[in-house]
Amino acid sequence: MSFSDHADPLLAGLNEQQRTAVVSKSKALLIVAGAGSGKTRVLTHRIAHLIRQRIAWPSQILAITFTNKAAAEMRQRVGQLLGEGAESMWVSTFHSACVRILRKEAERFGYVSGFTIYDSADSRALLKRLIKESGAEAYNFTPAAVGNKISRLKNELKTASDYAATARVTDPREAVFVELFSAYEQELRRANAFDFDDLIAQTVYLFRAFPDVAAKYRARFRWVLIDEYQDTNHAQYALVRELTKATPADAIAALKTPLNPALLTPAGDLPGAALTVVGDSDQSIYAFRGADIRNIVDFESDFSDAEVVKLEQNYRSTQNILDAANAIIAENFDRQEKSLWTASGPGNKIVGFAGYSQHDEARFVAEEIERLHNDGVAYGQIAVFYRTNAQTRALEELLMRAAIPYRVLGGTKFYDRAEIKDAIAYLTSIVNPYDPISWSRLLSAPKRGIGAVTEAQIAVFAETNEISYHEAMLRCAEIGIGAKARNAVLSLAQTLKQATELAAPTAAAVKPRPVGEILEMILKETRYLETLRAKRDPQDEARAENLEELIAVAKEFDAANSGGTVIEFLTQVSLVAAVDELDDISGTVSLMTLHTAKGLEFPYVFLTGVEEGLLPHQMSLNEPGGVAEERRLMYVGVTRAEKQLYLTLASTRSQFGDIAATVPSRFLQDIPETLIDWRQTPDQIGHRCYAGGSLQTTGSGYGGGGSGGGSGYSAGQRRDAAAADRSQAAKWRERKQQLTASRLNGKQTKPISFGTPIAQNYNDITLEIGDRIEHETYGIGSVRLITGSGNKSVAHVSFEEHGEKKLLIRLAPIIKITGKD
DNA sequence: CTTATGAGTCTTTTT
DNA sequence: GACTCATAAG
């Protein structure tokens, strides 16, 4: 501690670089912050410093973080440093900030402030309809694929007409895609809805189309700070540029409300805001979402007077962990040289463990956690990471068996559950009765005798008369719907009307009711909870409980936001991220994907599934830069650990009941051997085991990818395996066949409920036209036609009592009685 | 119109 | 293996 600490308590305990970053007055500041280098601390202290020194008012600060959780934390920490005055700062994610701006300015460009935010499921539902309507199925378009492409384009700030201008119109597929894209844009607008990507892109368009709006926000936000800058995409980058641009004098003069003259230059211009970005290109892991690493790499050339501060001292991990992390990331060639170091000593070696199967791996994790816990480590200090959500199954199973309290972050999110989406659809529809997605969803939740036909009739009526779906329902007598359906529609319409009245009373003097109350009223009137409870299924009981939980969430919201509207509640709900759920981790082990883990730290970290095909993931291998990104992902995972890191893998991994041998991750080999203390090495359990005997059950042809020799394959089989390995598509085909085969085998060994003769011939008969067969339920019939081949052969059988049926020969419960008559 | 069943499809990461 | 989709039966 030097004596200058006394000059400014905000600088106390900071190192040289950190201080430089905190006090910098640069208009453009890049803080290159290695993992664990205290960047959150630097950011919060920088903001506090700006305010404390009267360089900025709190209201002039816009700080963008990656998650709402991080935002809340930052606001709280700044508040702590200052004692007060942090309320008027904007601290939020890109998405939340944009929603706030859009809600305020929506009317300017034909939207309503109560617009709906479509999540990816909503977008897909809309696209599905559009694909069907346009007949694009013929071109093999799937909602997911179209959605991804549209998302990519929107992240590049390309509209449908932009794209149409560059697309090869001669390609019919391209032409159809352009159609879909523009239909999608139109439908969103008509529904008064934005998708996730729109939130950013439309804000950029808003600023570009309405200079006075842009000027207003530029004048307000004089200090813009962006965290995790390496994960910004082009649209976000453009947004930052728009916000921090200088504004010419004539645009200022055009403003309705004049600006504080102190902000302007003598010539009357508004200079650009000061921009601080924090990031680490080694931790860029969202390229699949359009994140462009160049945003951070090119920062210095983007802003000619940029100052760069590098934070390389790590305060989080032991040297052993850092050495491993450095060794892993050093293999990425196009990076800026940076090496983390710590003063905290080598610490424990990394513990490695290779299990026989994912269960074995999970068992090790569970046992080790138990051991740690017995040694006095709190569960909340332990985290388990994995590459894919599917890996949670084995982990959860073993943790549960060991009675270890755990919590899965992300995964099947609360708000993704069907019953929750149903309830949310009601609220959404109340706020935005023009939104077809939520309306269509609530129609049959719960089932009330309104089917596809009735729905389509009402929808058409609403759309042709340009009225809301609610209004169309009220007027359903004009449509000519059957009496039974009509009653259901009318009663639902009444409920919606009542709810709308509660949420937004027509009389100005009446105050809106709290969200929890409205939700309860809807669930009561629609008898949704009642219907669920009436069923015997325990799953439905769980659903009812989830709804109760949602009501509790709504009431919590009401309590925390007095006078909070349904719109605000919905906004909050639609923008929650996985980590935002991480409020109380004190008593539980945390399970999460490597992506979710970014920005977090834990004393004890298990990084599981360190295998080829998983980390790096199979899917990344064909993508340009894919493996480099996977490497960064591994780096992120490793650097989350403070005290102790575990790296685990399994020599076989089964997905979908099909067991495959695995190969240790290439990243593992980059870590110096001396850093790892193997409890069980991959060699100990390696390929010998795989080659030993399990091959019979997994079948031939799937042994490629390095499992190599030593097996009982014939030369021909091995050649087959190699050939299959050569092409991805062939591999998939091969694998699918095995899957089918293994299922059939499984069935054969199980006791079969119907007559034994059928069981014996279950999956291995050949049929010809004219054969007579007996089916378990259809009885006797004769084969009229055979289509398809191999496993997929289908017999068209005409049954004596049930007419003609198509049966998959391998699967159908049939027995051949006689040959041709 | 709803529900049950069988077949077919897709498996990376997420604001 | 989980989920969706299409189809047939209730």
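Enquirer: Please clarify how the packing of helix H1 (residues 16-23) against helix H2 (residues 39-52) should be interpreted in this entry.
Expert: The relative placement of two packed helices comes down to the angle between their axes together with the axis-to-axis distance. Packing of H1 against H2 brings their axes to within 8 Å, and their N-to-C directions diverge by 40 degrees. Classified by the angle their axes make, H1 and H2 are oblique. Where H1 crosses over H2, the two elements pack in a sense that is right-handed. Contacts between H1 and H2 involve Gln-18, Ala-21, Val-22 and Val-23 on the former and, on the latter, Val-42, His-45, Arg-46 and His-49. Considered class by class, the residues forming the contact of H1 with H2 number four nonpolar, three polar and one charged.

Enquirer: What is the right way to read the pairing of strand S13 (residues 602-607) from this model?
Expert: Put simply, side chains in a regular strand alternate between the two faces of the sheet. The element S13 is extensively covered by neighbouring structure, given that six of its six residues are classed as buried. The sheet contact formed by strand S10 (residues 382-386) and S13 spans four bridges and is parallel. Paired with Val-384 across the bridge in S13 is Phe-606. Looking at chain direction, S13 and strand S14 (residues 641-650) are connected through five bridges and run parallel. Paired with Phe-606 across the strands is Tyr-646, a residue of S14. Note on the crossover from S13 through helix H28 (residues 626-638) to S14: the handedness is right-handed.

Enquirer: Even after reading the chapter, I still don't get the packing of aromatic side chains, so can you show me in this structure?
Expert: Each aromatic ring pair is described using two quantities: the centre-to-centre distance and the angle formed by the ring planes. The final tally for this structure, using the stated rule, is 19 aromatic pairs. Geometrically, the ring pair formed by Phe-353 and Phe-364 is stacked, given 4.0 Å between the ring centres and 0 degrees between the ring planes. On the criterion of sequence distance, the pair formed by Phe-353 in strand S9 (residues 350-355) and Phe-364 in helix H16 (residues 358-374) is long-range, its members being eleven residues apart. A relative accessible area of 6% means that Phe-353 is categorised as buried. The class of Phe-364 is buried, set by a relative accessible area of 6%. With centroids separated by 4.5 Å and ring planes inclined at 15 degrees, the aromatic side chains of Trp-439 and Tyr-469 adopt a geometry described as stacked. Of this pair, Trp-439 sits in helix H19 (residues 436-443) while Tyr-469 sits in helix H21 (residues 469-474), and the two are 30 residues apart along the sequence. You'll find Trp-439 and Tyr-469 in the same group, each marked buried. Through pairs of rings, three or more aromatic residues link up here, namely Trp-90, Phe-207, Tyr-217 and Phe-221. Sitting over the face of the ring of Phe-141, Arg-173 holds its NZ or CZ atom 4.4 Å from the ring centroid.

Rules used throughout
Here the residue numbering is sequential within each chain, running from 1 through the sequence in written order. Each chain gets a letter, beginning with A, and each ligand a number, beginning with 1, in the order they are written. Under the rules for a predicted model, residues below a pLDDT of 70 receive no local features and side-chain atom pairs below 80 are neither given nor counted, while totals for whole chains, interfaces and linings still include all residues. Water and hydrogen atoms were dropped before computing side-chain values, which therefore reflect all heavy atoms in the structure. Structural elements are reduced to axes, namely lines fitted to C-alpha atoms, with helices fitted over the stretch in contact, and the angle between N-to-C directions of any two is expressed from 0 to 180 degrees. Helix numbering and strand numbering both begin at the N terminus, where a helix is a DSSP run of H or I of at least 4 residues and a strand a DSSP run of E of at least 2. Working rule for angles: under 35 degrees goes down as roughly parallel, over 145 as roughly antiparallel, 65 to 115 as roughly perpendicular, anything else as oblique. By convention the crossing between two helices is left-handed if the near helix lies anticlockwise of the far one by an angle smaller than a right angle, and right-handed if it lies clockwise. Whether two residues are in contact is decided by their heavy atoms: any pair within 4.5 Å suffices. Put simply, Ala, Val, Leu, Ile, Met, Phe, Trp, Tyr, Cys and Pro go in the nonpolar bin, Asp, Glu, Lys and Arg in the charged bin, and everything else, Gly too, in the polar bin. Burial classes: relative accessible area under 20% of the type maximum marks a residue as buried, over 50% as exposed, and values in between as partly exposed (1.4 Å probe, protein chains only). A pair of strands is labelled paired if DSSP reports no fewer than 2 bridges between them. By definition, the crossover connecting two strands over a helix is right-handed if that path, from the first strand to the second, turns clockwise as seen with the strands pointing away from the viewer. Each pair of aromatic rings taken from Phe, Tyr and Trp, with Trp reduced to its six-membered ring, is defined by centres within 6.5 Å and is described as stacked if the planes are under 30 degrees apart, edge-to-face if over 60, and tilted in the remaining cases. Counted as over-ring charges are cases with an Arg CZ or a Lys NZ within 6 Å of the ring centre that also lie within 35 degrees of the ring normal.

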